[in-house]
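Architecture at a glance
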Amino acid sequence: MRLTDCHNFHDFRHLAKRRLPSPIFNYIDGGSDDEVTLRRNTEAFESVDLVPNVLRGVTDVDLSTEIMGQKLALPIYLSPTALQRLFHHEGERATAAAAAKFGTMFGVSSLGTVSMAELAAKHDTPQVYQFYFHKDRGLNSAMMQKAKESGINVMMLTVDSITGGNRERDLRTGFSIPFRLTLGGMAQFAMKPMWGINYVTHEKFSLPQLDAHIDMKGDTLTIGRYFTEMLDPSMNWDDVERMVAEWGGPFCLKGVISVEDAKKAAEIGCQGIVLSNHGGRQLDGSRSGFDQLEEIVQAVGDKVDVMVDGGFQRGTHVLKALALGAKAVGLGRAYLYALAAAGQPGIERMLTQMTAEINRDMRLMGVTRVSDLTPDMLRSR
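Residues numbered from 1 in each chain as written. Predicted model: local features only at pLDDT ≥ 70, side-chain atom pairs only at ≥ 80, totals over all residues. Heavy atoms only, no water.

Considering the pattern of salt bridges
Scanning the entire structure with this criterion turns up 19 salt bridges. For Asp49, the salt bridge is made with Arg381, and the minimal N-O distance between the two is 3.0 Å. Of this pair, Asp49 sits in strand β1 (residues 48-50) while Arg381 sits in the segment after β12 (378-380); the two residues are 332 residues apart in sequence, bridging distant segments of the chain. Judged by relative accessible area, which is 29%, Asp49 ranks as partly exposed. Among the residues examined, Arg381 registers a relative accessible area of 73% and is labelled exposed. A salt bridge links Glu267 to Lys264; the nearest nitrogen and oxygen atoms lie 3.8 Å apart. (Salt bridge = Lys/Arg side-chain N within 4 Å of Asp/Glu carboxyl O. Helix = DSSP H or I, 4+ residues; strand = E, 2+ residues; numbered from the N terminus. Buried < 20%, exposed > 50% of the residue type's maximum accessible area, 1.4 Å probe, protein only.)

Now the structure itself:
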């Protein structure tokens with residue numbers, strides 16, 4: 001199977017599975033506990049149908065949107081995700097370059113493997129810094145200041161990960177950073193030698209957003225221990241309000257699901273929220289962002305920019321979210337599989353196909369702008 005054989009989400013996933021050692025593929029692919037929420041994220045779209053209008057004289061279609069003052073050429077963006085150079089040696093460099101080529105936003109994780117400063121210097125496209133809240137308040141301030149100095153405009157605080165989810169696939173393979181693989185996990189690496197060759201012949205793996213502040217090398221602190229020992233489970237709304245004021249620019253909360261929390265985010269001055277359950281990787285059995293979208297938009301859509309991620313695989317999925325009032329949709333696994341499959345060309349092919357789907361689907365819906373999509377174009381089953 002080659003990149004040219006990839007025509008949809010499932011094709012990219014299949015090629016990624018063929019190219020990645022099983023422990024790394026399952027780190028991307030898996031969710032928490034029984035993976036009920038992981039499955040529900042995509043299944044949610046099946047409960048809502050599109051109601052197209054015809055004979056609307058659709059010629060040119062404008063896919064642009066604006067979120068938190070950032071102008072995007074597409075209503076989709078590449079969500080911040082961790083450890084990307086494990087999936088392909090280009091990592092975030094490929095992600096950022098592809099996003100820039102398509103004129104959309106990308107995010108860099110606190111657990112990113114390429115410096116946010118390097119990417120900000122190279123690309124003008126909007127970039128967000130996905131941040132975790134640490135027990136050490138001085139560390140939080142230092143990391144935010146570094147982001148400002150790097151030219152980052154938008155802060156995205158993840159609020160659904162004060163502790164790591166129970167990801168049993170990783171427990172079975174022994175996946176961690178640094179690697180502590182089971183015998184079965186090591187055998188899977190031996191079966192994919194090209195991944196190992198790329199890993200050892202390119203620059204040494206690192207976590208530059210954290211390396212300047214925390215010793216993440218050797219056996220001193222695994223990713224799992226980072227979540228359980230360094231992040232602050234006592235984080236509350238007062239902490240976030242102080243952080244919003246300290247940042248002094250566009251600030252977004254990622255991981256909001258309840259209407260009550262959405263209202264509180266608006267009250268403390270957030271410009272945006274992302275309805276998200278962390279790709280089904282945290283609290284299993286929680287609602288999908290799409291399931292919660294309509295009532296949250298009705299509650300705060302006039303006060304904050306509402307975004308959503310989780311399970312988006314098709315252009316029609318994106319249209320359904322936009323029709324309910326989302327300003328933009330975040331993609332995660334959709335581009336990570338493409339990255340693992342072929343690096344930057346893989347992400348560009350995925351974005352080309354997704355853009356074509358959204359464009360075609362908007363024509364079939366009889367609309368020319370994202371703002372033309374409205375709730376009355378949907379029906380629940």
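Some words on the state of the cysteines
Under the counting rule described, the total for this entry stands at zero disulfides. With no disulfide of its own, Cys252 lies 7.4 Å from the sulfur of Cys270, the closest cysteine sulfur. (Disulfide = S-S within 2.5 Å.)

A look at the side chain of Gln282
Mapped onto the fold, Gln282 is located in the loop between β9 (272-275) and α15 (289-300). Exposure remark for Gln282: the relative accessible area of 11% places this residue in the buried category. Among the polar contacts listed, one links the side chain of Gln282 to the backbone nitrogen of Gly165, at a separation of 2.9 Å. Setting aside its immediate chain neighbours within four residues, Gln282 contacts Ser32, Asp160, Ser161, Thr163, Gly164, Gly165, Arg167 and Asn277. (Polar contact = N/O pair within 3.5 Å; in protein donor to acceptor, adjacent residues only side chain to side chain. Contact = heavy atoms within 4.5 Å.)

A word on the environment of Leu83
For Leu83, the location among the structural elements is in the loop between β4 (76-78) and α4 (84-87). The spacing of Leu83 and Gly315 is 232 residues in sequence and 27 Å in space, taken between C-alpha atoms.

Quick look at the pairing of strand β5 (residues 106-109)
Of the two faces of β5, the one holding Phe106 and Val108 and the one holding Gly107 and Ser109 are both buried throughout. Of the strand pairs in this sheet, β5 and strand β6 (residues 127-131) are connected by four bridges, and their pairing is parallel. Residue pairing across strands places Ser109 opposite Gln130, the latter belonging to β6. Since β5 and β6 lie parallel, the crossover through helix α6 (residues 116-122) that links them has a hand, and here it is right-handed. (Pairing = 2+ DSSP bridges. Right-handed = clockwise from strand over helix to strand, strands pointing away.)

Details of helix α14 (residues 259-267)
Inspection of α14 places Val259, Ala262, Ala265 and Ala266 among the buried residues, and these make up the whole buried set. Along α14, the residues classed as buried sweep out an arc of 120 degrees about the axis, all on the same side. Within α14, the exposed residues directed more than 90 degrees away from the buried face are Glu260 and Glu267. On its buried face, α14 sits against α13 (237-247), β8 (251-256), β9 and α15. Gly269 sits one or two positions beyond α14 and adopts a positive phi of about 100 degrees. (Arc of directions from axis to C-beta.)

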